[in-house]
Every structure is written in C-alpha cells, then in structure tokens.
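Residues per chain, in single letters:
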Amino acid sequence: MVLESIISGLLNKYLSKYIKNLDGKNLELGIFNSSLELTDLQLKPEALAELNLPIEITAGHIGRIYVDFSWTGLFSEPVVVNVEDVLVLVSPLADRPYDEEKARDLANAFKQQKLSSLEKPKKSSSSDSDSGDHDMSFTEKLTAAIINNIQVNVSNVHIRYEDCSTYPGRPFAFGVALHRLSALTTDEEWEPAQMDATATIMRKLMEAIGFSAYWNTSVSDPVSRYVASGEWREILRSSILGHEVKGQPFDFVVEPVTTTARLTFDKSDQLDYSKPQVVLDILTSALSISFSRQQFLAAIDLQRSLQLMAVNERYRKYRPSVGVKGNARRW
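The paragraphs below set out a description of the structure included in this document.

Calculation criteria
- Residues numbered from 1 in each chain as written.
- Predicted model: local features only at pLDDT ≥ 70, side-chain atom pairs only at ≥ 80, totals over all residues.
- Heavy atoms only, no water.
- Core = buried A, V, L, I, M, F, W, Y, C linked by side-chain atoms within 4.5 Å.
- Buried < 20%, exposed > 50% of the residue type's maximum accessible area, 1.4 Å probe, protein only.
- Contact = heavy atoms within 4.5 Å.
- Pairing = 2+ DSSP bridges.
- Helix = DSSP H or I, 4+ residues; strand = E, 2+ residues; numbered from the N terminus.
- Axes fitted to C-alpha atoms, helices over the stretch in contact; angles between N-to-C directions.
- Salt bridge = Lys/Arg side-chain N within 4 Å of Asp/Glu carboxyl O.
- Patch = residues over 30% accessible without salt bridge, like charges linked within 9 Å, V, L, I, M, F, W, Y side chains within 5 Å.
- Areas by Shrake-Rupley, 256 points an atom, 1.4 Å probe, with all protein chains shown as cover.
- Lys, Arg positive; Asp, Glu negative; His and termini not counted.
- Charge placed at Lys NZ, Arg CZ, Asp CG, Glu CD.
- Expected span 1.5 Å × (residues − 1).
- Arc of directions from axis to C-beta.
- Polar contact = N/O pair within 3.5 Å; in protein donor to acceptor, adjacent residues only side chain to side chain.

1. Brief notes about the nonpolar core
Counting residues in each nonpolar core, the largest one holds 40 residues, and the members touching the most others are Ile62, Ile65 and Val67. If we ignore the near neighbours within four places in the chain, the residues touching Val67 are Leu11, Ser34, Ser35, Leu36, Val79, Val80 and Val81. Of all hydrophobic cores here, the second largest spans 13 residues; its members include Ala59, Val223, Ile235 and Phe250.

2. Description of the sheet that holds strand E10 (residues 278-283)
Reading across from one edge, E1-E2-E3-E4-E5-E6-E9-E10 is the order of the eight strands in this open sheet, with mixed pairing throughout. Two strands in the sheet have a free side with no partner beyond their single neighbour: strand E1 (35-42) and E10. Along the sheet, successive strands turn relative to each other by an average axial angle of 15 degrees, direction set aside. Those strands touched by helix H5 (residues 232-242) are strand E2 (55-68), strand E3 (80-92), strand E4 (151-163) and strand E5 (172-185), and its axis lies near 110 degrees from that of E3.

3. Some thoughts on the environment of Val81
Here Val81 lies in strand E3. In this structure, the C-alpha to C-alpha distance between Val81 and Val67, residues 14 residues apart in sequence, is 4.6 Å. Sequence-distant contacts of Val81, defined by excluding residues within four places in its chain, comprise Ile65, Tyr66, Val67, Ile150, Gln151, Val152 and Asn153.

4. Some thoughts on the pattern of salt bridges
Overall, the coordinates contain nine salt bridges when judged by the stated rule. Close ionic contact of Glu50 with Lys17 constitutes a salt bridge, the shortest N to O distance being 2.8 Å. Highlighted residues: Glu50 in the loop between E1 and E2 and Lys17 in the loop between helix H1 (2-15) and helix H2 (24-31), separated in sequence by 33 residues. With a relative accessible area of 39%, Glu50 lands in the partly exposed category. In this structure, Arg64 and Glu37 form a salt bridge, with 2.7 Å as the shortest nitrogen-oxygen distance. Remark: Glu37 occurs in strand E1 and Arg64 occurs in strand E2; sequence separation between them is 27 residues. Judged by its relative accessible area of 45%, Glu37 falls in the partly exposed class.

5. Quick look at the pairing of E5
Note that E4 and E5 share eleven bridges and pair antiparallel. Note that in E5 the partner of His158 across the bridge is Ala177. Looking at chain direction, E5 and strand E6 (residues 201-216) are connected through eleven bridges and run antiparallel. Each bridged residue has a counterpart across the sheet, and for Ser182 the counterpart in E6 is Glu207.

6. Quick notes on a negative patch on the surface
Taken together, the side chains of Asp187, Glu188, Glu189 and Glu191 make up a negatively charged region of the molecular surface. Its place among the elements puts Glu188 in the loop between E5 and E6.

7. Quick look at helix H6 (residues 293-313)
The end-to-end C-alpha distance of H6, which contains 21 residues, comes to 30 Å, matching closely the 30 Å that a straight helix rising 1.5 Å per residue would cover. Along H6, the residues that are buried comprise Gln295, Ala298, Leu302, Ser305, Leu306, Met309 and Glu313. An end-on view of H6 places all buried positions within 115 degrees of arc, on one side of the element. Facing away from the buried side of H6, by more than 90 degrees, are the exposed residues Arg293, Arg304 and Leu308. Buried residues belonging to H6 abut E2, E3, E4, E5, E6 and strand E9 (252-266).

8. With respect to the side chain of Asn149
When you line up the elements, Asn149 lands in helix H4 (residues 138-149). Take Asn149: its relative accessible area is 2%, and that puts it in the buried class. A polar contact of 2.9 Å, which involves the side chain of Asn149, links it to the backbone oxygen of Ala145. Non-local contacts of Asn149, meaning those with residues more than four positions away in its chain, are made with Pro78, Val79, Thr185, Ala193, Gln194, Met195 and Lys204.

Below, the structure is given as structure tokens:
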C-alpha cells in the first residue's frame with residue numbers, strides 16, 4: 001500500500017489543481033494494476049491562476065492520460081506517461097458575465113498560489129540545514145527515482161486564447177499547437193539511461209514535432225461560440241495539422257517546426273553561482289519567426305487591456321448586468 005500511496009500522491013500533487021473531480025481513491029485502484037488510465041478529463045477554469053492574470057480556461061479537455069509502470073522495476077525501469085489531446089480555450093474574465101462562484105474559486109486559487117510561493121523559501125532553507133547529515137528514506141528514494149526517470153509522451157496539443165474585450169466587436173486570437181512531444185532521461189552521451197535516485201544532475205532529451213505559434217489579429221468566427229455544443233474540441237484538434245480554424249488560416253509567428261532539445265538540470269540543494277542550474281540546447285535545422293506590425297500593436301494593446309481588466313475585476317460584482325440607458329435606478 002505504500003507504493004500505491006506514493007504514486008497516487010504524486011499524481012494528485014501535480015494534477016489535482018488543474019483537473020476537475022480527480023478522485024484519489026480511483027487513482028489508487030488503477031495503480032494497483034500497474035497501470036492507470038484517465039479519460040475525458042476537464043480542466044478547472046482557475047487552472048491558470050499561477051499566471052496571476054485576469055484570464056480563465058473557458059473550456060479545457062484532456063482526452064487521455066495513461067501511466068504504465070512495473071512494480072518490480074520502479075528503480076530500474078522508467079514510469080511512462082502518455083498524454084493525448086490537450087485542448088485548451090482561454091479567454092479574459094471580462095468576456096463573460098460576473099459569476100460569484102467562479103470568482104470565489106479563482107480567488108481561492110490565487111491565495112493558494114501565494115501561500116505555496118511563501119512556503120518554498122521555508123522548505124529550501126530547512127532542506128539546506130538538514131542536507132549535511134540527511135539520509136534519504138525509502139519513500140524519498142522511490143519518489144526521486146520516479147521523477148528522475150519519468151518518460152513523457154504528449155500528442156495533439158492546442159492552447160488558444162480568444163479575446164472579445166480588448167477590441168469590442170473585433171475579436172482576435174493567438175495560440176500554440178504541437179503535434180507530438182517526447183521527453184526521456186539520458187546519460188552524459190545523450191543516450192537513454194536510468195538515473196540513480198541520489199543523482200543531482202538530470203538530463204532530458206526532448207523532441208517536438210509540428211510545433212507552431214500563431215496570432216490572428218481578427219477572428220470572424222470565434223471558437224468560444226461552439227463550447228456549449230461541444231464542437232470546439234474537434235475544431236481545435238483538427239487545426240493542429242490543418243493550421244486553420246473554421247476556414248481561417250493561422251497567421252504564423254513561428255512556422256511549424258520539428259526540433260530536438262537537450263535539457264540539463266542541476267537538482268543539488270547547494271547553490272553554485274559559478275555554473276548555471278539549467279542548460280537548454282535547442283537543435284533545429286531551420287526556424288522561421290515573423291511578427292508583423294499589426295501583431296505587435298495587438299500585443300501592446302493586450303498588455304494594457306489585461307492591466308485594466310485586473311483593476312476592473314475587483315469591482316465587477318458591483319456592476320449592473322444591464323446598460324446605463326433606461327436603467328438609471330439600477331446604476
């Protein structure tokens with residue numbers, strides 16, 4: 001039961017703040033069979049609270065998360081995590097009417113984020129003071145071994161932001177799309193390998209296939225109109241390779257590219273300012289990036305708009321839901 005609780009605890013730690021109705025008991029039941037499959041997961045509207053911006057997830061969907069591992073090989077074989085169909089539609093809070101329940105959930109998420117950021121320095125200072133004579137327990141070794149050697153495969157990712165408030169009557173959208181991503185642990189020669197739980201240097205070899213970024217300064221048919229019917233998922237999924245939404249082609253900032261990245265991460269508690277803690281080498285044959293004047297101006301306006309929305313959000317609950325004309329008493 002200790003092993004089940006460790007793995008389910010890790011999944012709960014990293015998934016529960018993003019996914020709705022994640023049941024810890026169901027996690028442990030699936031883990032008992034050396035595998036776990038979660039399907040049709042819905043993301044929480046406040047899942048982006050860490051960004052500290054007046055935005056929310058209008059609709060978020062993960063088609064499938066499949067975790068595969070061997071009970072007898074947790075120290076010698078990687079835990080393989082496969083994630084499919086990560087489709088996220090984001091919009092500013094000002095795009096929808098004020099909702100007291102959603103506002104309360106978002107405020108709680110902001111508070112949790114602030115508390116966790118305050119706890120990090122305390123944990124790091126306590127770990128520094130104990131690092132001299134601290135021996136890792138079995139649970140700590142197993143947790144470290146799983147994290148060090150986890151192998152991740154992600155396919156079909158589309159994250160899209162749509163804004164109907166910055167330019168009233170002229171919505172715009174931008175986003176990133178990714179066909180496939182893989183990340184695995186390697187040795188110093190960048191060959192697949194298994195890391196020891198006590199290793200302080202972690203190396204990950206990552207490959208991204210079909211990554212692109214776009215910014216459409218004008219959108220004639222926003223995807224948010226199709227959230228209620230559920231069509232939005234297929235619209236975003238098909239656009240990953242089709243590079244268009246409802247017949248409107250992407251105005252690329254980053255043209256579709258396939259690239260390999262080598263990540264080296266120093267996990268040691270003692271900071272050494274003479275060398276970097278994170279080193280990222282990106283290997284690609286060709287990379288086409290363009291940012292037009294219209295896109296640049298839209299980005300500047302969005303920044304200003306988000307600042308105003310953040311101020312306005314504090315008082316939205318007092319704002320009547322009707323126009324001023326003919327409703328003077330309510331205003």
